[in-house]
Amino acid sequence: VMAPETSLTAVMATKMDKDRIRVWNYNNGSELMTLTGFNAHSLSFSTGGNLLAAGCKEGDEIGRVWDLITGNYNSLMNEHNDNKNTSVYLTKEEPMKVILVAEKQKPLVYDVESGNRLFECSSSCAFEKIDEINSSMNNLFYVKGLSTDNENIAVLFNLDNGEVIKIFNNCINI
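Everything numeric here is computed off the predicted structure, so don't read it as measured data. (Residues numbered from 1 in each chain as written. Predicted model: local features only at pLDDT ≥ 70, side-chain atom pairs only at ≥ 80, totals over all residues. Heavy atoms only, no water.)

What exactly am I supposed to notice about the packing of aromatic side chains here?
Two measures describe an aromatic ring pair: the distance that separates the ring centres and the angle between the ring planes. On inspection of all chains with the given rule, the structure shows two aromatic pairs. Ring centres of Phe38 and Trp66 lie 5.8 Å apart, and the angle between their planes is 80°; on these two criteria the pair is classed as edge-to-face. Note that Phe38 is positioned in the loop between β3 (31–36) and β4 (40–45) and Trp66 in strand β6 (residues 63–67), a separation of 28 residues in sequence. Taking relative accessible area as the criterion, Trp66 reaches 2% and is therefore assigned buried. When the centroid spacing of 4.9 Å and the interplanar angle of 20° are considered together, the rings of Phe141 and Phe157 count as stacked. Placement of Phe141 in strand β13 (residues 140–147) and of Phe157 in strand β14 (residues 152–158) is noted, with a sequence separation of 16 residues between them. (Phe/Tyr/Trp six-rings, centres within 6.5 Å; stacked < 30°, edge-to-face > 60°. Helix = DSSP H or I, 4+ residues; strand = E, 2+ residues; numbered from the N terminus. Buried < 20%, exposed > 50% of the residue type's maximum accessible area, 1.4 Å probe, protein only.)

Here it is, written out as structure tokens:
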């Protein structure tokens, strides 16, 4: 995954074998750092490119957020997720939040700075497979993927409280 064009540094990250994420300068191809100790399923950069969030791949933790200036993780979402693959998304607006969606579970929203869980989203649907997580400037976010009922759906949530705004059925593209 690549950091947005507005980032201060030209960085991208790649998931490697178990427990390694490599961070690169995509202008010259040099490796900037290797983040270890976390088996990543998905990655998401902050708008400025200084933070990198990762959702876990079949592990006990569900997410981490690293400060790419120091290479240290500044947030750890450490709840047991029953060995589910977890998709991650970093919101673009302040205060920054991390959205984590594990297979067959409701989305969870965390504060980036503290790592504290803010809420579990209210939804009667769970996702078997997550295709995309995204947010807008209107304090909304959506999760698109395959439901546990084998339907392609997208669920629009309120980013302030996790309430469902609307469920879109038979959704292939948004």
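Picking up after the structure, the text goes on.
Just to check I follow, could you spell out the sheet that holds strand β5 (residues 51–56) for this structure?
Each strand in a sheet pairs with another by means of backbone hydrogen bonds, the pair being arranged parallel or else antiparallel. Taken together, the four strands give an open sheet; going across it, the order is β4-β5-β6-β7, and neighbouring strands pair in antiparallel fashion. The open sheet has two edge strands with one neighbour each: β4 and β7 (73–77). Neighbouring strand axes in the sheet, compared pairwise and without regard to direction, differ in orientation by 15° on average. Looking at chain direction, β6 and β7 are connected through four bridges and run antiparallel. (Pairing = 2+ DSSP bridges. Axes fitted to C-alpha atoms, helices over the stretch in contact; angles between N-to-C directions.)

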